[in-house]
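Overview (structure and organization)
What follows is each chain in one-letter form.
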Amino acid sequence: MCGIAGLLNLSGGVPEAELKQRVDLMTRQMAHRGPDADGHWRDGKNRCHLGHRRLSILDLSDAGRQPMLDASGRYAITFNGEIYNFLELRRALEQQGHRFKTRCDTEVLLAGYAQWGDKLFAQLDGMFALGLYDMETGRLTLARDRAGEKPLYYRRHNGLFGFASELSAIEVGMPEDLALSEEGLAQYFMLRYVPAPATIYAGVEKLEPGMLMLVEADGSTSLKRFFTYELDPDAGADDARFASLCDEVEQQLTVALKGRLNSDVPLGVFLSAGIDSTLSAALLTKRLKVPVKSFTIGFEGDNKSEHLDARKFAQVLGTEHREYVFAASDFEAIGRKVGTWQDEPNGDRSCVPTYLLSQFTRESVTVAISGDGGDELFCGYSRYFGYADKIKGELHQAPQQAIELYFKHFLPVYDGAAVQQALPQGFAAFKRMLERFIPLFQYPGRSAVQALR
C-alpha cells in the first residue's frame, strides 16, 4: 500500500510554506504505508499541494516516484493501489499515440485520464484511491475503487480542502476544530465500524466506493458515481444451471487471479482453512501453474486452530508453506498500539490476527493475495439465512421494515434502543442512512439473501 495526501488552498489565504509543512506532516504520519520513498509536488500558484508515500510494487526505479506528472505537464497525480488491467489499457493508449517512459500503472492512469477524462474510471480493474489535479482548469478529482479496498478521507475547513489515505493524516494536517461525530459514534456502536461516507469525526468524510468527487476551481464540489453493483433481478441459480454457473465462477476467479500476479516484488498467498483463500491458492497452483508461497497463523494451545487444516491444504496443493503460531504474549505486545494502527474505531476481532499474519508474511514477501469478500458475495455468514427465515411475504411490499429488521436485529452489537437513548441524533442519522438501501429491496421477486448481497 501507499499513502496519499493533498491540500487545496481554496481561499488563497494560507502561505505556501505552511501548506508544504502541513502536507509533509500528513505524509510523515503515513510513513508506514510507504517506506520506499516520500514525494511532494506543488503547482506553483500556491493552490494545490500533493504528497505521497511509496511502497514499490511495479517499476521499482525512481521513474515510478510520485506525485507524477503526465507527458504534457497538465495533470498531476498521487495514487495508492494497483491497476490490474493497466497493460491492456496501456496497449489501447499506445494505439492512440501515447508513449510511456515507465513500466508502472501510475503513468497509464495519467495518460488514460488525458485521453478519456472521467470515463477512464469505469474501465479500471483494480484497487485504488487517488487525487488528480488539472492545472489548466484548477479541478481536483478524487476517486475510489469499486469495492472501497483503498481508503480515502477528505475534509473542508477554514478555506482548505484536504484529503488523505488515513484519518490520522487529516488530524495532523488539518487539526483545527476536530470533534467527535454523534452519527459516527452511533454507527460504530451499531455496526462495530463507521461506514462511508461518515467518519468518527464531524465534518470529515470518506469517499464512497465507486465514486468520484470533483472539486472545482471556485471551490464547488460534486459527487459522481462511476460504478454500481447490480444484481439481475431475473437471474436465478436453479439446479439445471448450477454446474455451468460453477464453471463460470471458476473462470472469472481464474482471470481475476491472473491479473493480480503483476508484480516486480515477491508475492504470496494468505491461506486459512476458509473456502475463499483455499480456492484462490488452488486456482493459482492447479489452473495457473504458479509456484505459491502460502502463509498462515494459528493460536497456541487451540486444537481447533485453522492453521492445522491450512497445513493439510498446503500439503495437497504443494505450496511453499510457512506458519506462525502466536501466543497471548503477542496480543499483549501490540494490544495498546492496535487502536492507533486502525485509524478509526473498528470492533472486528480479526484485526489483531490479520495484523500479525501481515507482519509475519512481510518478512518473506511484499504482496499477498487473500480471499476477503467471499462470504459477502456468496452469503457465507449464517445471519443471511437466519434473516431470510424471518422475512414474511415479498421484500418489496415493505422494504423499509425489511431493512430495519436486518440492521436492528441481525447485525448490531448493541441494542438499538440503548444507542437511541444514549445518542438520539446519531441514531436518527443512522436510520436515515438505512433509507439509502430501500431501492435494493424494491425489486419484485428479489430474495432477502440477494438484497443483502
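Structure's up top.
Cut-offs used in this document
- Residues numbered from 1 in each chain as written.
- Predicted model: local features only at pLDDT ≥ 70, side-chain atom pairs only at ≥ 80, totals over all residues.
- Heavy atoms only, no water.
- Buried < 20%, exposed > 50% of the residue type's maximum accessible area, 1.4 Å probe, protein only.
- Helix = DSSP H or I, 4+ residues; strand = E, 2+ residues; numbered from the N terminus.
- Pairing = 2+ DSSP bridges.
- Right-handed = clockwise from strand over helix to strand, strands pointing away.
- Contact = heavy atoms within 4.5 Å.
- Axes fitted to C-alpha atoms, helices over the stretch in contact; angles between N-to-C directions.
- Parallel < 35°, antiparallel > 145°, perpendicular 65-115°, else oblique.
- Nonpolar A, V, L, I, M, F, W, Y, C, P; charged D, E, K, R; others polar.
- Patch = residues over 30% accessible without salt bridge, like charges linked within 9 Å, V, L, I, M, F, W, Y side chains within 5 Å.
- Areas by Shrake-Rupley, 256 points an atom, 1.4 Å probe, with all protein chains shown as cover.
- Salt bridge = Lys/Arg side-chain N within 4 Å of Asp/Glu carboxyl O.
- Expected span 1.5 Å × (residues − 1).
- Phe/Tyr/Trp six-rings, centres within 6.5 Å; stacked < 30°, edge-to-face > 60°.
- Lys NZ or Arg CZ within 6 Å of the ring centre and 35° of its normal.

As a further point, take the pairing of strand E14 (residues 293–299). With 5 of its 7 residues buried, E14 lies for the most part within the structure. As paired strands, strand E13 (residues 267–270) and E14 are joined by 2 bridges and run parallel to one another. Along E14, the bridge assignment pairs Phe270 with Phe295. Once you follow E13 into helix H7 (residues 275–287) and on to E14, the crossover reads as right-handed. When E14 meets strand E15 (residues 320–326), the two strands line up parallel, connected through 7 bridges. Its bridge partner being in E15, Thr296 is matched across the sheet by Glu323. For the crossover that starts at E14, traverses helix H8 (residues 306–317) and ends in the parallel E15, the hand is right-handed.

The sheet built from 6 strands is open, its strands ordered E4-E5-E6-E7-E11-E12 with antiparallel pairing. Since the sheet does not close on itself, it has two edges, and those belong to strand E4 (68–69) and strand E12 (221–225), each with one partner. Relative to strand E5 (residues 75–83), E4 is paired through 2 bridges, and the arrangement is antiparallel. Bridging across to E5, Leu69 finds its partner in Ala76. With respect to the sheet, helix H3 (residues 105–116) is in contact with E4, E5, strand E6 (126–134) and strand E7 (139–144), its orientation differing from that of E5 by roughly 125°.

Quick look at the packing of helix H6 (residues 242–259) against H7 now. Contact geometry of H6 with H7 gives a least axis separation of 10 Å together with a crossing angle of 80°. Viewed along their axes, H6 and H7 adopt a mutual orientation that is roughly perpendicular. Counting all contacts with H6, which are made through Glu250, Leu253, Thr254 and Leu257, the residues of H7 involved are Leu279, Ser280, Leu283, Leu284 and Arg287. For the contact of H6 with H7, the class distribution of residues is 5 nonpolar, 2 polar and 2 charged.

Our focus in this paragraph is the sheet that holds E15. Taken in spatial order, the 4 strands line up as E15-E14-E13-E16 in an open sheet, and their pairing is parallel. In the strand order of this sheet, the two ends are held by E15 and strand E16 (367–369), each with one partner. The mean inter-strand angle of the sheet, taken between neighbouring strand axes irrespective of direction, is 30°.

Moving on, we come to the side chain of Thr254. With respect to the helices and strands, the residue Thr254 is situated in helix H6. Among all residues touching Thr254, those that are not within four sequence positions of it are Leu283, Arg287 and Leu288.

Let's shift gears to a nonpolar patch on the surface. Nonpolar side chains collect at one region of the surface, where Tyr229, Val249, Leu377 and Phe378 lie side by side and expose about 370 Å² of accessible area between them. Relative to the elements of secondary structure, Val249 occurs in helix H6.

Bringing H6 into the picture now. Here H6 contains 18 residues, and its C-alpha end-to-end distance of 26 Å stays within 8% of the 26 Å for a straight helix at 1.5 Å per residue. Of the surrounding secondary structure, the elements contacted by the buried residues of H6 are H7 and E16.

Further remarks concern the packing of aromatic side chains. Across all of its chains, the model carries 13 aromatic pairs by this definition. On the basis of an interplanar angle of 25° and a centroid distance of 5.9 Å, the ring pair of Tyr154 and Phe161 is categorised as stacked. Taking relative accessible area as the criterion, Tyr154 reaches 8% and is therefore assigned buried. An angle of 90° between the planes, with centres 5.5 Å apart, marks the rings of Phe189 and Tyr414 as edge-to-face. Here Tyr414 lies in the loop between helix H14 (399–409) and helix H15 (416–422) and Phe189 lies in helix H5 (residues 182–191), a separation of 225 residues in the sequence. Among the aromatic residues, those joined into a cluster by ring pairs are Tyr75, Tyr113, Phe121, Phe128 and Phe226. A cation sits over an aromatic face here: Arg383 above Tyr381, 4.6 Å from the ring centre.

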